[in-house]
Amino acid sequence: MADPATDTTDEAPLEPDLPICDPHHHLWRRPDNPYLLDDFLRDVSGGHRIVSSVAVECGAMYRETGPPELRPVGETEFLEGIAVESARAETAERDPSTSLRYAQGERGRPLPAVAAAIVAYADLALGDGVAAVLEAHLEASPGRLRGIRYSTMWDASDSYRSVPRPGLLRDAAVRKGFARLQPLGLSFDAWLYHPQLSELVELARDFPETSIILDHIGGPLGLGPYEGRRDEVFRAWSADMAALSSCPNVVLKLGGVGSLRSGYDWHTRQPRPGSAELAEAMRPCFEFCIEKFGAGRCMFESNFPVDRVSYSYVSVWNAFKIITRGCSEADRNTLFHDTAARVYRLVE
């Protein structure tokens, strides 16, 4: 299989002047697989006009000491440091001897504002006790923290990574913790699998003032008991997504299809699939989302480096551009940049 760390220029970027905010990627310092600012800049260096990004929690870089509920604040401190480093690189003269030579500055463009917004983790099951954790996150990143992601993905199949128990979005303590977000101006990034979408519909209707961002189009599954049943999964997923579209406080991230849970074999292929094949596979779900939610409630995402196992950064953004060729210029600007910038309140 091609090395995903270097396979980033397999295609020329389509419409390279279209501004993009990448509203979902991760950064971490893991001994066996680091993915830091330089690594992200290398991935975005293929020619798309990435102007900003949102860094989302991934359970990394926690504090090693202190109260367990406050240890995730270490990830926010880490991401804030990355954001400061990125901002410094934006304003400093670029030194071609440094690893930042991979960045968009090589193409005569400003470097992207990486981690211009941060989405952190807090254990909402703490109920009212989560308030102190939220305040600590805000103190760690007073200008960039925008929301909390509390993952609730669960499936009975052992083909998937799941939280310890199902039904967390209906749990009374979790809902008490959730109620603490909106008064602090924080949004909620939801991550679950498609059979759980009805839980999110209930939550969105019960808390209409809280901004909810659904990651990875609600996680349609394609492994284990769902393998070979893509049409059936689409019918179940689309029915629940149609119900979710009636909740005006919910917006979607269009992406995450490169994760292995989707059931495609792209991670095994050499060469990896190009943008035309990716667009064909992603089109049914993405077009349905745009039709039901409207461009103003949808945003494209990379989900790198997780999806990096399946395709390159250039190819996936090319696929998004192919899918939206029939959209108006205004809608495309909204899908690729404006929705994310508005929802995460970016100042670029």
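Everything numeric in this text was worked out from a predicted model, so none of it was measured. (Residues numbered from 1 in each chain as written. Predicted model: local features only at pLDDT ≥ 70, side-chain atom pairs only at ≥ 80, totals over all residues. Heavy atoms only, no water.)

Colleague: Looking at this structure, I do not really get the overall build of the protein. What am I missing?
Modeller: Of the regular secondary structure elements, the protein holds nine helices and eight strands. In summary, the protein has a C-alpha radius of gyration of 19 Å against a globular reference of 20 Å for 348 residues, a match within 12%. Overall, the protein is about 55 × 45 × 40 Å in size when its C-alpha atoms are taken along their principal axes. Counting only residues that meet the buried cut, the protein has 56% of its 348 residues in that class. Put simply, 80% of the contacts in the protein that link residues at least 6 apart link residues at least 24 apart. If you sum the accessible surface of the protein, you get close to 14000 Å²; carbon and sulfur atoms cover 50% of it. The centroid of the 37 positive side-chain charges in the protein is displaced by 1 Å from the centroid of its 50 negative side-chain charges. (Helix = DSSP H or I, 4+ residues; strand = E, 2+ residues; numbered from the N terminus. Rg over C-alpha atoms; globule rule 2.2 N^0.38 Å. Buried < 20%, exposed > 50% of the residue type's maximum accessible area, 1.4 Å probe, protein only. Contact = heavy atoms within 4.5 Å. Areas by Shrake-Rupley, 256 points an atom, 1.4 Å probe, with all protein chains shown as cover. Lys, Arg positive; Asp, Glu negative; His and termini not counted. Charge placed at Lys NZ, Arg CZ, Asp CG, Glu CD.)

Colleague: Would you mind showing me how to read unusual backbone geometry here?
Modeller: Negative phi is the rule for most residues except glycine; trans is the rule for most peptide bonds. Along the chain, glutamine 270 connects to proline 271 via a cis peptide bond; the corresponding omega equals 0°. Between phenylalanine 304 and the following residue, proline 305, the backbone shows a cis peptide bond with an omega angle of 5°. Inspection of the secondary structure puts proline 305 in the loop between β8 (298-300) and α8 (313-323). We note that glutamate 15 has phi near 45°; this positive angle belongs to a residue other than glycine. As for its position among the elements, glutamate 15 is in the segment before β1 (19-25). Accessibility expressed as a relative area gives 36% for glutamate 15, which makes it partly exposed.

Colleague: Where do I start with the packing of aromatic side chains in this structure?
Modeller: Any aromatic ring pair is given by two values, namely how distant the centres are and how the planes are angled relative to each other. Enumeration according to the criterion identifies 21 aromatic pairs in this entry. Taking the centre distance of 5.5 Å and the plane angle of 50° together, the rings of tyrosine 160 and tyrosine 193 count as tilted. Note that tyrosine 160 is positioned in the loop between β4 (145-149) and α4 (172-178) and tyrosine 193 in the loop between β5 (187-190) and α5 (197-206), a separation of 33 residues in sequence. A single burial state applies to tyrosine 160 and to tyrosine 193, both of which are buried. An aromatic cluster is present here, built from Phe40, Phe286, Phe300, Phe304, Tyr313, Trp317, Phe320 and Phe336 joined pairwise through their rings. We note arginine 30 situated over the ring of tryptophan 28; from NZ or CZ to the ring centre the distance is 4.1 Å. Sitting over the ring of tyrosine 264, arginine 230 keeps its end group 4.0 Å from the ring centre. (Phe/Tyr/Trp six-rings, centres within 6.5 Å; stacked < 30°, edge-to-face > 60°. Lys NZ or Arg CZ within 6 Å of the ring centre and 35° of its normal.)

Colleague: Sorry, what's going on with the environment of phenylalanine 336 here?
Modeller: Among the secondary structure elements, phenylalanine 336 is positioned in helix α9 (residues 329-343). Spatially, the C-alpha atoms of phenylalanine 336 and leucine 203 are 27 Å apart, while their sequence positions differ by 133 residues. When neighbours within four sequence positions are excluded, phenylalanine 336 is seen to be in contact with Leu18, Pro19, Ile20, Cys21, Phe300, Trp317, Phe320, Lys321 and Thr324.

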